[in-house]
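Chain and residue survey
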Amino acid sequence: MATKFNNTLLDLHEYVQERGFYYSLDQIYNFYVSLKTKPFVIITGISGSGKSKIVDLFAEYIGKVNDNNDNYEIVPVKPNWTDSRGLFGFHNIITGTYEITPTLQLFLRANQNPEKPYFLTLDEMNLAKVEYYFSDFLSLLESRKVCEINDHIMELIDEKLLKKFNTKMTLSHAIIISALTLPKDNQFRKISDFRETVAAKWWGRKYFHGEDKNWTPAFRTELNQYRPKGVLDTNGYKKDGSRLAGKAFFATKNANEYKLKSPFDMDDATRDEYQLLVDLISSSSIQQEQISLHSSNLPLKTNANEPDYSNSLVQGDNYYVPAKLEIPLNVFVIGTVNIDETTYMFSPKVLDRGNVLEFNDVDLYNAYGYGVNPNTPSSVANHELDMIIALATLDSTKTLIADYPQVFDIIAKIFHLLKTKNKHFGYRVINEISRFILIYVNQSKQSNEALQALDLQILQKVLPKLNGTEDELSSLLNKLLELCNTNSLLQSKTKIQRMIDQLDTTGYVTFIE
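Residues numbered from 1 in each chain as written. Predicted model: local features only at pLDDT ≥ 70, side-chain atom pairs only at ≥ 80, totals over all residues. Heavy atoms only, no water.

**Regarding the overall build of the protein**
- When helices and strands are tallied, the protein shows 21 helices and 18 strands.
- For 513 residues, the compact-globule estimate of 2.2 N^0.38 gives 24 Å, and the protein sits close to it at 25 Å.
- Each principal axis of the C-alpha atoms in the protein carries an extent, and together these give about 75 × 65 × 50 Å.
- The buried share of the protein, taken over its 513 residues, is 52%.
- Accessible area for the protein stands at about 24,100 Å²; split by element, carbon and sulfur atoms hold 48% of it.
- Distance between charge centres in the protein, computed from 55 positive and 63 negative side chains, equals 7 Å. (Helix = DSSP H or I, 4+ residues; strand = E, 2+ residues; numbered from the N terminus. Rg over C-alpha atoms; globule rule 2.2 N^0.38 Å. Buried < 20%, exposed > 50% of the residue type's maximum accessible area, 1.4 Å probe, protein only. Areas by Shrake-Rupley, 256 points an atom, 1.4 Å probe, with all protein chains shown as cover. Lys, Arg positive; Asp, Glu negative; His and termini not counted. Charge placed at Lys NZ, Arg CZ, Asp CG, Glu CD.)

Take a look at the structure:
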């Protein structure tokens, strides 16, 4: 089967194999969901296991899908990096130019093309102390926050819909956005409630010739067109209408009050469009701080022979560096890690801020056709690859508690076990674990998929922070092993058993081997 570049997981998997490499569907999907949850991922594992190559192939495929062949940089970390100049360069006051780096060039290209994903690999990331050269990046990443919907954000969402999907915002879109901005009290609402939101008023001004006109009939049509008269569903609500809003909202028997459905209650096409809007809202409403690069009033040349700056930071092969810059929301950073006598360990501050993926398995059957197939059929093959990021928030955790309470019960048990040794995690990690699980299950109602995702999060967010002596960790690891065994969290169980074996042998254990 030839690669179609249709932006699906299965097609990416096919592309990887055509290029002569092998990663399982589950490995690739885990990598994708980790990036989408938080655009900073650490990959560790034995030498030659494909840590850098998976990023290379992933970026290559996404670049072809988006017609973008300069979306990737691999930057070897140098042992002498003691500040951020290795990543972001510096102002050369002698020449008056800016000494630019491949990292900063990538950021500037990404800034010019916000609808296209860009990827940066920091190769052998721990050859230098990560906190020395990477702290500015981590601080900017953590400065991101979601602000309330306003006219500017609505314009951004509309622009992204047009650029990426060749469609302007419809009234159905605006009604769904309105519902998402109203209090989450699970109540039915009148049309007037939706009509008075910022989102609806903006849409009225832009697409309905002014918000002051009586456009309740337009709302009513959007929500009710072709709902069968007198026909109710099993909940006692009117059956779905023909338009997007008519499929996304429940309507009362008299069709005068409406409530946004849970994604579980939507059909596949409606759920996909709903999730797209949720992601666009999140990515469009993210604010963050900027890194200071220099103090000049105008962007600096990076070469004395370049033409003077005029409007664009990237002009062909010429780059111009502004005084301040945000980390573009379409940049994904991956650090590869090796452990030997020349490298440094990560601090909890760094491990807290990303997923840690281990690449230690070598699949002789699928790579070389030797032996017995070790893999079970994957349930994630048909997922579409969407690189729009959305921040993990308190709402992520509340949604997980409501939709998968038994999964959150396990998270709470792990939290309390870790707290006995003062190794528990904070709100950010809880929210990011929740966000990962919600993305992973892709609105599926299958609790086994949520448990698979939780298994990965214990492995990638909880266990990497555990290191210490037998006295510190022996009882804790054994209790975690029992919990994982009881709940069939098999990957975490296997890793914990390896850590216990290492502890028994050497008296000390770290996650990264």
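More follows now that the structure is in view.
**Here we look at a negative patch on the surface**
- A cluster of acidic residues, Glu470, Asp471, Glu472, Asp501 and Asp504, forms a negative patch on the protein surface.
- No other element matches the 3 residues that helix α20 (residues 470–486) contributes to the negative patch.
- Its location among the elements puts Asp504 in helix α21 (residues 490–506). (Patch = residues over 30% accessible without salt bridge, like charges linked within 9 Å, V, L, I, M, F, W, Y side chains within 5 Å. Salt bridge = Lys/Arg side-chain N within 4 Å of Asp/Glu carboxyl O.)

**Re the side chain of Glu73**
- Looking at where Glu73 falls in the secondary structure, it is placed in strand β2 (residues 72–76).
- Polar side-chain contacts of Glu73 include one of 3.2 Å to the side chain of Arg109. (Polar contact = N/O pair within 3.5 Å; in protein donor to acceptor, adjacent residues only side chain to side chain.)

**Quick word on the packing of aromatic side chains**
- Considering all chains together, one arrives at 25 aromatic pairs under this definition.
- An aromatic cluster of at least three residues, connected via ring pairs, comprises Phe40, Trp81, Tyr133, Phe134 and Phe137.
- Above the ring of Phe90, the side-chain terminus of Arg85 is found at 5.9 Å from the ring centroid.
- Across the ring face of Phe511, the terminal group of Lys495 is positioned such that the distance to the ring centre comes to 4.5 Å. (Phe/Tyr/Trp six-rings, centres within 6.5 Å; stacked < 30°, edge-to-face > 60°. Lys NZ or Arg CZ within 6 Å of the ring centre and 35° of its normal.)

**Considering a nonpolar patch on the surface**
- Taken together, the side chains of Ile46, Val362, Leu364, Tyr368 and Tyr370 present a nonpolar region at the surface, about 580 Å² in accessible area.
- You can see Tyr368 is positioned in helix α15 (residues 364–368).
- We classify Tyr368 as exposed; its relative accessible area is 65%.

**Comments concerning helix α1 (residues 9–18)**
- Taking burial as the measure, the 10 residues of α1 include 7 buried ones, the bulk of the element.
- Those residues of α1 not exposed but buried are Leu9, Asp11, Leu12, His13, Glu14, Tyr15 and Val16.
- In the segment just after α1, Gly20 is the residue with positive phi, at about 90°.

**What about the sheet that holds strand β5 (residues 118–123)?**
- Read from one edge of the open sheet, 5 strands run β2-β5-β15-β1-β16, paired in parallel fashion. Only two strands of the sheet have a single neighbouring strand rather than two, namely β2 and β16 (355–359). On average, adjacent strands in this sheet sit at an angle of 20° to one another, irrespective of strand direction.
- For strand β1 (residues 40–45) and strand β15 (residues 331–337), the ladder comprises 5 bridges, and the chain directions are parallel. Residue pairing across strands places Val41 opposite Ile334, the latter belonging to β15. (Pairing = 2+ DSSP bridges. Axes fitted to C-alpha atoms, helices over the stretch in contact; angles between N-to-C directions.)

**A few points about unusual backbone geometry**
- The phi angle at Asp67 is positive, at roughly 55°, despite the residue not being glycine.
- Counting through the fold element by element, Asp67 comes out in the loop between α3 (51–65) and β2.

**Regarding the nonpolar core**
- Membership of the largest hydrophobic core comes to 118 residues, with the highest contact counts inside it found for Phe119, Leu122, Tyr133, Phe134 and Ile437.
- Ranked by residues supplied to this core, first place goes to helix α18 (residues 427–441) with 9 residues.
- In contact with Phe134, not counting residues within four places along its chain, are Phe40, Leu87, Leu122, Met125 and Val333.
- With 37 residues, the next largest nonpolar core counts Ile176, Ala199, Ala245 and Tyr274 among its residues. (Core = buried A, V, L, I, M, F, W, Y, C linked by side-chain atoms within 4.5 Å. Contact = heavy atoms within 4.5 Å.)

Function cannot be read off these values alone, since they describe shape.
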